[in-house]
Amino acid sequence: MPHFQIDYSANLEDVVDMGALCETVRAVAADIDTFPVAGIRVRALRVDHVAMADGDPKHGFIDLSIRLREGRPQEVKEEAVARIFAALKAFMAPAMAHRSIALSAEMRDIDATLSQKFGNIRDHMETNT
């Protein structure tokens with residue numbers, strides 16, 4: 001953990017490099033001590049059907065959902081989500097200079113007793129972090 005899911009409106013597809021945004025989020029998360037690098041997952045999902053604000057189809061959105069195992073202190077989570085949201089805002093600033101875009105981010109704890117995990121990614125990393 002953590003898992004980052006970026007939902008974005010389809011009308012941003014030609015405006016924003018979603019692969020680069022995923023990498024930006026991954027790099028910022030990897031630099032935050034509370035997140036084990038091997039557990040970071042970032043994915044972007046296009047939302048084709050959207051209705052926003054006054055109904056004008058020019059409006060777009062990016063919603064970043066962060067899920068992580070419970071147990072981190074509140075202040076650690078607040079600092080982490082603030083750093084990641086700042087990176088999202090900085091990445092999106094050029095597009096937002098000429099497009100109507102709403103940004104949001106939310107971090108949620110996952111109950112470890114209800115979330116099963118298995119993988120061998122650490123076995124294939126140069127450093128087992």
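What comes next is a walk through the structure. Since the model is a prediction, treat every value here as computed from it, not as a measurement.

Structural notes on the packing of helix α1 (residues 18-30) against helix α2 (residues 74-96)
Orientation of α1 relative to α2, taken along the N-to-C sense of each, is 150 degrees, at an axis distance of 10 Å. The orientation of α1 relative to α2 falls into the category roughly antiparallel. Viewed along their axes, α1 and α2 form a crossing whose handedness is right-handed. Across the interface between the two elements, A20, L21, T24, V25 and V28 from α1 touch R83, I84, A87, L88 and F91 from α2. When its residues are assigned to classes, the contact of α1 with α2 shows eight nonpolar, one polar and one charged.

Remarks on the sheet that holds strand β2 (residues 41-47)
Judged by pairing direction, the sheet is mixed, and its four strands sit side by side in the order β2-β1-β3-β4 without closing on themselves. This sheet does not close on itself; its edge strands, each paired only once, are β2 and β4 (101-110). On average, each strand axis in the sheet is tilted by 15 degrees relative to the strand beside it, whichever way the strands run. Pairing analysis gives 10 bridges linking strand β3 (residues 60-69) to β4, with the strands arranged parallel. When the bridges of β4 are listed, F61 appears paired with A102. Strands in contact with α2 are β1 (3-9), β3 and β4; relative to β4, the strand with the most contacts, it is inclined by about 160 degrees.

A closer look at the packing of aromatic side chains
Under the definition given, this model contains one aromatic pair. Between F4 and F35, the ring centres sit 5.9 Å apart and the planes meet at 85 degrees, which makes this aromatic pair edge-to-face. In this pair, F4 is assigned in strand β1 and F35 in the loop between α1 and β2, connecting sequence segments 31 residues apart. The exposure class of F4 is buried, given its relative accessible area of 0%. Judged by its relative accessible area of 3%, F35 is buried.

Focus: the layout of surface pockets
The volume enclosed by the largest pocket comes to roughly 280 Å³. Taken together, 13 residues make up the lining of the largest pocket; nearest its centre are M1, R41, K117, G119 and R122. Across the lining of the largest pocket, the residue classes break down as four nonpolar, four polar and five charged.

Points about the environment of C22
Inspection of the secondary structure puts C22 in helix α1. For the pair C22 and P73, spaced 51 residues apart in the sequence, the C-alpha separation amounts to 26 Å.

About the thresholds
Residues numbered from 1 in each chain as written. Predicted model: local features only at pLDDT ≥ 70, side-chain atom pairs only at ≥ 80, totals over all residues. Heavy atoms only, no water. Axes fitted to C-alpha atoms, helices over the stretch in contact; angles between N-to-C directions. Helix = DSSP H or I, 4+ residues; strand = E, 2+ residues; numbered from the N terminus. Parallel < 35°, antiparallel > 145°, perpendicular 65-115°, else oblique. Left-handed = near helix turned anticlockwise from the far one by under 90°. Contact = heavy atoms within 4.5 Å. Nonpolar A, V, L, I, M, F, W, Y, C, P; charged D, E, K, R; others polar. Pairing = 2+ DSSP bridges. Phe/Tyr/Trp six-rings, centres within 6.5 Å; stacked < 30°, edge-to-face > 60°. Buried < 20%, exposed > 50% of the residue type's maximum accessible area, 1.4 Å probe, protein only. 1 Å grid on protein atoms, 1.4 Å probe; cavity = no way out; pocket = protein on both sides within 12 Å on 5 of 7 lines; lining within 4 Å. Points joined across faces, edges and corners; volume = space filled by probe spheres on them.

Any functional reading would require information beyond the geometric quantities listed.
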